[in-house]
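# Tertiary structure, described
Okay, here's what each chain looks like letter by letter:
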Amino acid sequence: MSDGAISQDEIDALLSGVDLGGMGPAAQTSSGAKKIDTKPLADFSNDTTGAMQSGITTMIGQDCTVSNPEVEVLNRDGLLKLLPEMVVAVTADYTESMTGDHLFLMDPEFAKKLAGLVNKEEIAELDDMSLSVISEIVSQHSGTEITVLSKTGKFPGLACAPAEAVHVAKAMVRYPQGDFALFTFTITIDSQEYKLWEAVSNSVAFNIVNAINPPAAASAPVDTGMNAAMGQPMMDASMMQGGMNPAAMNMGGMNMANQMNMGGMAMNGMGMGMNMNPMNMGGMVGGMPNVQPLQYPSLQTGVNSMEQGNIGLIMDVFMEMTVELGRTKKQIKDILGMGEGTIIELDKLAGEPVDILVNHKPIAKGEVVVIDENFGVRVTEILSPVERVTGLK
């Protein structure tokens, strides 16, 4: 009999929201999941490795190397064995054109290394600013992947949710359900190797495989239903593509129209239950189909118009804009000892540009001006994407 205690695996499952009634590898595998082919996934990821290396090198300000990833199919239990107890997890789920889980994981020490190099200071603890650095690195890589996938033409308007990094115990992470594809990158900085794991759900992996390596056209015989009813052999798909018109084929010296009315008997009268009205035969008139060339829409301007339409939906949304004069750090005893008349020295020099933030994210710098009786700020510089991450210490 059970003593009422639960194992560590069961505790991890409870924390991550897994149903304990089916705990174990079998419970993690969806019976309806498609088998993942890892070779096209490896080819796809190899196309993005160079861009990842270039992006990280630019952000940290020194050389690094990123190896082509190892690709394997795992479930939650298999991945947990690879991870340290605490991880930095970044979710960037696919939300448009293709939906599914998209997760990045790294050791907290690796995250501190990246954030410290970007901020040019030693990182003792992973705070919100450090996690925003990791989110920016993941966002750049996700953008590269979206660009590669968009070139296949399979996913118009493909997009990911904004990357969001958290520092938590590995059991608290929301992993993809069942079997999923795992990419393991080895990143070398200062002769030290670090691991970056990227996981995508089964459905996302299957869609990527189909986009990178489209399945061959089906060559199985096509049974139109009418062939079986008349006792005729089924037509191969190659016969259909070779220009043979099944509606105009003579069968045993009788054309289709004569066989439809055998000796004055309509086929409905033979109990075959088929309505041979030309209007119900895919547009066939006089035994010949009405064939027209397929018209494809232009793809050159579709993305731009879609982006303009999407941004137009949020043009009237309000966002909080803040001008920050400066910052400082004080011990608790100094803060408790403050009173009226206390002077607080900030980290900004007199005349130095102030920071302009939107939703607490730095976007620009400016100088303070006076407009009538109110303070204002004149924008003097727009920050680059890297500076938006490193602009605030």
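Structure: see above.
This write-up is about the structure you can find in this document. Bear in mind the structure is a predicted one, so any value in this text is a computation, not a measurement.

## Considerations on the nonpolar core
- Grouped together as the largest cluster of nonpolar side chains are 52 residues, with contacts concentrated most on Leu41, Val88, Leu114, Ile187 and Ile189.
- When residues of this core are traced back to their parent elements, those giving at least two are helix H3 (38-60), strand S3 (86-91), strand S5 (102-106), helix H5 (108-119), helix H6 (128-150), strand S8 (180-189), strand S9 (192-201) and helix H7 (202-212).
- Looking at this core element by element, the count peaks at eight residues for H6.
- Residues within four places of Leu114 in sequence aside, it is in contact with Ile56, Ile60, Met106, Val133, Ile134, Ile137 and Ile189.
- Among the nonpolar cores identified, the runner-up in size contains 14 residues, and Leu74, Leu79, Leu103 and Val173 belong to it.

## With respect to the packing of H3 against H7
- Where H3 meets H7, the closest approach of the two axes is 9 Å, and the angle between their N-to-C directions is 80°. Judged by the angle between their axes, H3 and H7 are roughly perpendicular. On H7, the residues touching Pro40, Leu41 and Phe44 of H3 are Ala205, Ile208, Val209 and Ile212.
- Counted by class, the contact of H3 with H7 contains seven nonpolar, no polar and no charged residues.

## Observations regarding the pattern of salt bridges
- Summed over the entire model, instances satisfying the criterion amount to eleven salt bridges.
- Across the pair Lys348 and Asp355 runs a salt bridge whose closest N-O atoms are separated by 3.1 Å.
- If you follow the salt bridges from partner to partner, you end up with Asp93, Asp101 and Arg174 in one network.

## Topic: the environment of Ser54
- Here Ser54 shows up in helix H3.
- We classify Ser54 as partly exposed; its relative accessible area is 44%.

Definitions and limits used
- Residues numbered from 1 in each chain as written.
- Predicted model: local features only at pLDDT ≥ 70, side-chain atom pairs only at ≥ 80, totals over all residues.
- Heavy atoms only, no water.
- Core = buried A, V, L, I, M, F, W, Y, C linked by side-chain atoms within 4.5 Å.
- Buried < 20%, exposed > 50% of the residue type's maximum accessible area, 1.4 Å probe, protein only.
- Helix = DSSP H or I, 4+ residues; strand = E, 2+ residues; numbered from the N terminus.
- Contact = heavy atoms within 4.5 Å.
- Axes fitted to C-alpha atoms, helices over the stretch in contact; angles between N-to-C directions.
- Parallel < 35°, antiparallel > 145°, perpendicular 65-115°, else oblique.
- Nonpolar A, V, L, I, M, F, W, Y, C, P; charged D, E, K, R; others polar.
- Salt bridge = Lys/Arg side-chain N within 4 Å of Asp/Glu carboxyl O.

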